[in-house]
Amino acid sequence: MARGFKEHATWSPYENNGGTCVAIAGLDYCIVAADTRLSLGYSILTRGHSKLFKLSDTAVMASSGFQADVRTLQKNLEARQKGYYHQHGKPMSCPGMAQLLSNTLYYKRFFPYYSFNVLGGLDTEGKGCVYTYDAVGSYERTGYSTQGSGAELIMPILDNQLKSASPLLYPPRETATPLTEQEALEIVKDTFASATERQIYTGDGLEIVVINKDGIHKEYLDLKKD
Amino acid sequence: MAMALDFSGLEPASLRQHSYSDPAAHWEPQCSFPLPKVADLDGFQKAAVDLLKPAHGTTTLAFEFQGGIIVAADSRASMGQYISSQSVKKILEINPYLLGTMAGGAADCQFWQRNLGTRCRLHELANKRRISVAGASKLLANTLYSYRGMGLSMGTMIAGWDETGPALFYVDSEGGRTKGTLFSVGSGSTYAYGILDSGYKFEMSVEEAVELGRRAIYHATFRDGASGGVASVYHIGPQGWKKISGDDVSELHYQYYPPESQASAPDVVEEQPMQQG
């Protein structure tokens, strides 16, 4: 008799709900975008599920993977963020939130959150910053990133079009893209439209959030629903 | 004015610090992690690794010579066959006089070396002097030994300059800790060893040593598919570490083998006419 352990042969605590997320850092803005399709196997569970989550006025997280784990992770971070705000009298900075997310993911190193995250926002100087993660918390600040099912289709386009230098070059060079907000937005819309054509888990709708000194501006557009 | 509220209920249990009044506290690792309630933990961990494909890191090297220590690494991370990043920082700055390298699981290396930095600082505050490289590497090795068998994957080098001079240790997730003068770790290490072993002389100048480290990483990225990106080189002297260079390896290729003399570059394919009939 199992001592409280699940022993069903094919049961897994994880599911993959698909979806794709993108974040791009500019000199004074940051764009975070994700599609709105929620899938399970060959089924679409809903066309209107948001993968974006506002952590503060300067940090927005987008996550693909197992949406139950994503939701729990969002709640966990929101609680910590609120606690920080009440304890310190100011919201957590985006780089601070980035390390908090890394530690939160690593805390579950032996039963991981099945969540592939990108965090976008403005750093303490008002410059765009993007942080990209793996499922167990390794993270780095980059000029742009994608995660999720469409990442392998979208990343090469961003590598080619955004002209961001590597953060590791020495003498250091600017890693945020030199493109304007409008140019970067066009690239985001085009890449999602392309990924939707060739990826079954990406489509239905696209939510885009732009963070700059004027605050957070949200946009929604339709993607192909087939 | 901000209130001081009690958030201890929200702290994850693993990160609560043990009290200093408990003498056994120093021997225990400072974190403990929740485990899934399954009968076959090893099987679960294997399945989780296959499912999540955590990012892996790949060619790193470090060696001592008359002018101190050179530490160099590539910057590619792969998740399965996908190159998830070409800009991973694999040389981790633990504090201004200690460097650590990353090979194996990226999250494991980042987290435990950040934890090591915290503990080195606590040592300074408690003992009013900097921790030695031997001491820092021992702290890390003891932590990793306590997680032996749990599936952590780390092959790291701890390098620094302390009161005894330069020191270099290799520490891994099997719990091993070895002092040495030349190491290379990762999937590209064999290629790096070839360059290092043939070019190494203890009496090298700093410029020659930096160039040897850079070239060894370049050659490893040339032949190992899991290594690439930017070759970073750091030098550790009596005042601590300093980053010397960060060069894209594809640009290094054309520096070492300029286009006019491509014929002398290794493994260059001459343009062939298309196969016919």
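Above this text is the structure in question.
Worth saying up front: this structure is predicted, and the values here are computed from it rather than measured.

Trainee: Hey, could you run me through the overall build of chain B in this one?
Mentor: For chain B, the count of helices and strands is six helices and 14 strands. When each of the 277 residues of chain B is scored for burial, the buried share is 49%. The long-range fraction of contacts in chain B, counting pairs at least 24 apart against all pairs at least 6 apart in sequence, stands at 59%. With the model as given, the accessible surface of chain B reaches about 14000 Å², and the carbon-plus-sulfur share is 55%.

Trainee: Would you explain the pairing of strand β1 (residues 20–25) of chain A in this entry?
Mentor: Side-chain positions along a regular strand alternate between the two faces of the sheet. All names here are of chain A. Of all six residues that make up β1, six are buried, and the element is covered over most of its length. Covered by surrounding structure in β1 are T20, V22 and I24 together with C21, A23 and A25, the residues of both alternating faces. Here five bridges tie β1 to strand β10 (residues 144–148), and the two strands are oriented antiparallel to one another. Looking across to β10, one finds that I24 is bridged to Y144. Taken together, the five bridges between β1 and strand β2 (residues 29–35) define a ladder with antiparallel strand orientation. Bridged to C21 within β2 is A34. Count of turn residues in the β1/β2 antiparallel hairpin: three residues.

Trainee: Which parts of the structure should I look at to understand unusual backbone geometry?
Mentor: Trans is the prevailing form of peptide bonds, just as negative phi is the prevailing case for residues other than glycine. Residues and elements named next belong to chain A. Going from Y170 to P171, the amide bond is cis rather than trans, its omega being 10°. Its place among the elements puts P171 in the loop between α3 (151–161) and α4 (181–198). Of note in this structure, K163 is not a glycine but carries a positive phi near 55°. By the secondary structure assignment, K163 is in the loop between α3 and α4.

Trainee: Help me understand the pairing of strand β9 (residues 155–162) of chain B in this model?
Mentor: Residues and elements named next belong to chain B. The element β9 is largely enclosed, with a buried count of seven among its eight residues. In this structure, strand β7 (residues 98–101) lies alongside β9, joined through three bridges in antiparallel fashion. Residue L98 lies in a different strand from β9, and its bridge partner there is G160. Where β9 meets strand β10 (residues 165–172), eight bridges bridge the pair, whose relative direction is antiparallel. Bridge pairing in β10 links A159 to L168. Between β9 and β10, which pair antiparallel one after the other, the connecting turn spans two residues.

Trainee: Just to check I follow, could you spell out helix α2 (residues 106–127) of chain B for this structure?
Mentor: Side chains that are three or four residues apart share a direction in an α-helix, a result of its 3.6 residues per turn. If you check α2(B), its first and last C-alpha atoms are 31 Å apart, about what 22 residues at 1.5 Å a residue would give, namely 32 Å. Residue K128(B) follows α2(B) closely and has a positive phi angle near 55°.

Trainee: Quick question: what am I supposed to make of the interface of chain B and chain A here?
Mentor: Reports of interface size often rely on the accessible area that becomes lost once the parts have come together. Taken together, the contacts link 52 residues of chain B with 39 residues of chain A. When chain B packs against chain A, close to 3900 Å² is buried across both sides, 64% of that on carbon and sulfur atoms. For chain B, the biggest contributors to the area lost against chain A are L52(B), Y82(B) and R114(B); these three give 16% of the whole. Summed over the shared surface of chain B and chain A, the number is one salt bridge. Where D108(B) meets R109(A), a salt bridge forms, and the shortest distance between an N and an O atom there is 2.6 Å. Run the count over chain B and chain A and you get 12 residue pairs in polar contact (both at pLDDT 80 or more). Counting only elements with at least two residues in the side of chain B that touches chain A, the list comes to α1 (41–52), β5 (82–85), α2, β13 (230–237) and β14 (240–248) of chain B. Sorting elements by how many residues they give to the side of chain B that touches chain A places α2(B) first, with seven residues. Here the side of chain B that touches chain A is built from residues that sort into 32 nonpolar, 12 polar and eight charged.

Cut-off values and rules
Residues numbered from 1 in each chain as written. Chains lettered and ligands numbered in written order. Predicted model: local features only at pLDDT ≥ 70, side-chain atom pairs only at ≥ 80, totals over all residues. Heavy atoms only, no water. Helix = DSSP H or I, 4+ residues; strand = E, 2+ residues; numbered from the N terminus. Buried < 20%, exposed > 50% of the residue type's maximum accessible area, 1.4 Å probe, protein only. Contact = heavy atoms within 4.5 Å. Areas by Shrake-Rupley, 256 points an atom, 1.4 Å probe, with all protein chains shown as cover. Pairing = 2+ DSSP bridges. Expected span 1.5 Å × (residues − 1). Buried area = accessible area lost by both parts, 1.4 Å probe. Salt bridge = Lys/Arg side-chain N within 4 Å of Asp/Glu carboxyl O. Polar contact = N/O pair within 3.5 Å; in protein donor to acceptor, adjacent residues only side chain to side chain. Nonpolar A, V, L, I, M, F, W, Y, C, P; charged D, E, K, R; others polar.

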